[in-house]
Amino acid sequence: FSLAPHGSRRQPPTCRITCPENPRIAAIMDSAKDPVKLVNDLLKEVKSISIPEPSAPSTKTKKTKKVVGMDVSWAPIVPLGHTPYSWEGDEEEEVDVKAAAEVKNQPQNREQKKANAKKNKQKAPKQKKQPKNQKPVSDAPLFARIDLRVGHVVRVFEHPDPEVKSLWCEEIDVGEDQPRQIASGLRKFYEKEQFQGKKIIVVCNLKPAKLKGFESKGMVLCASNEDHTKVELVEPPKSAVPGTRISLADLDVTKFKPDERVNPKKKKNVWLDFGPKLRTNGKKVACFDGVPLVVPEGECTVPTLDNCVVR
């Protein structure tokens, strides 16, 4: 609108509306001087505009294809006309709602599985490592773990080294294919003729040991006084069979298996508990913890030493 200056002759108002963006509308507005023509032109324009009819609602939603769990914050600046997804090579597409849910529930990738497994892994209680070559502890009674047998002295001879004067070397039948070679420190207590031919008791599961260079595969059981000036062999009845295991009056050892091998030199071995319990009683019967040593033919005894240690 424009107004005439004060005091000038009043002019009728003029109106001009321009619409540079749409020349057709601008032309219509220029014809505002003729109201009838203006209305007719506007009606024609409205009729020429096509308005689409509303379509039925779709069950599909337009969604950009995206890898589940993908973080695009790291994506570099993409060229104009692209999104981070289209720059990676993916295109927008319609994704079914049900299919999208299935994609969301897809199995985790390998890295995620490893991370979750490591997080949820419960530490199992550490088991104590057993020393190598450790044998299980026997459930047999203590006496039954030592292999005591009736032995028959087949041969007695001097030590191969002539300078060794304290040892007798023997071949003793203990019920095996061949007699065992055993060395005993009995030379000053028994003559060869006294020793050879006797029935004795032999410890058969001791680890072999060399005595002055001679390998001894067992030990002969003897009783001794306190100052070790008198030593006597523990003898089973003369009718006892070589190889018969020695039992107790209240324990049949044939029901149990003895230890395979006993090493008396080790700090922990069964002989340390076994040996101190061997003694003769007042009747000169060899006993273990007060119980007589027996074979089917009778008790095992010594000639004269009563209440003495047996070793």
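Residues numbered from 1 in each chain as written. Predicted model: local features only at pLDDT ≥ 70, side-chain atom pairs only at ≥ 80, totals over all residues. Heavy atoms only, no water.

Describing the sheet that holds strand β9 (residues 219–220)
This is how the line gets drawn: Two strands pair under a simple rule: DSSP has to find at least two bridges between them. Strands are runs of DSSP state E lasting at least two residues, helices are runs of H or I lasting at least four, and both sets are numbered from the N terminus onward.
Taken in spatial order, the five strands line up as β5-β4-β3-β6-β9 in an open sheet, and their pairing is antiparallel. Unpaired on one side and paired on the other, β5 (180–184) and β9 mark the two borders of the sheet. When strand β6 (residues 199–203) meets β9, the two strands line up antiparallel, connected through two bridges. Bridge pairing links V203 to M219 in β9.

Some thoughts on the confidence of the model for the protein chain
Formally: Every residue carries a pLDDT, the predictor's confidence in it, which falls somewhere between 0 and 100. Contact definition: two residues touch when any of their heavy atoms are within 4.5 Å.
Taken as a whole, the protein chain shows an average pLDDT of 79; of its residues, 63% reach a score of 70 or greater. Element-level mean pLDDT values for the protein chain span from 48 in strand β2 (residues 93–96) up to 98 in β6. Within the model, the stretch residues 89–95 combines pLDDT values under 50 with 12 contacts to residues more than four positions away or in other chains.

A few points about the layout of surface pockets
For clarity, the threshold we go by: Cavity: a set of points on a 1 Å grid over the protein atoms alone where a 1.4 Å probe fits but cannot get out. Pocket: an open set with protein on both sides within 12 Å along at least five of seven lines, its lining residues, like those of a cavity, having an atom within 4 Å of a point. Grid points are joined across faces, edges and corners, and a volume is the space filled by probe spheres set on the points. Under the scheme applied here, ten amino acids are nonpolar (Ala, Val, Leu, Ile, Met, Phe, Trp, Tyr, Cys and Pro), four are charged (Asp, Glu, Lys and Arg), and all others, including Gly, are polar.
Considering only enclosed or pocket space, the second largest pocket measures out at about 630 Å³ in volume. Lining the second largest pocket are 25 residues, and of these A183, L206, L211, G218 and M219 lie nearest its centre. Within the lining of the second largest pocket, the residues separate by chemical class into 13 nonpolar, eight polar and four charged.

What about the side chain of K199?
Under the convention used in this document: Three labels apply to residues, based on accessible area from a 1.4 Å probe with only protein chains included: buried if under 20% of the type maximum, exposed if over 50%, partly exposed otherwise in between. In this charge count, Lys and Arg are treated as positive and Asp and Glu as negative; neither His nor the chain ends contribute. Any Lys or Arg side-chain nitrogen located within 4 Å of an Asp or Glu carboxyl oxygen qualifies as a salt bridge. N or O atoms within 3.5 Å of each other form a polar contact, as long as, within protein, one can give a hydrogen and the other can take it, and as long as residues adjacent in sequence are counted only when both atoms are side-chain atoms.
Looking at where K199 falls in the secondary structure, it is placed in strand β6. For the buried K199, no salt bridge exists, and the shortest N-O distance to an oppositely charged side chain is 8.3 Å, to E297. At 2.8 Å, the side chain of K199 forms a polar contact with the backbone oxygen of A240. Other than its neighbours up to four places away in sequence, K199 contacts V150, G151, H152, V234, E235, P236, K238, S239, A240 and P242.

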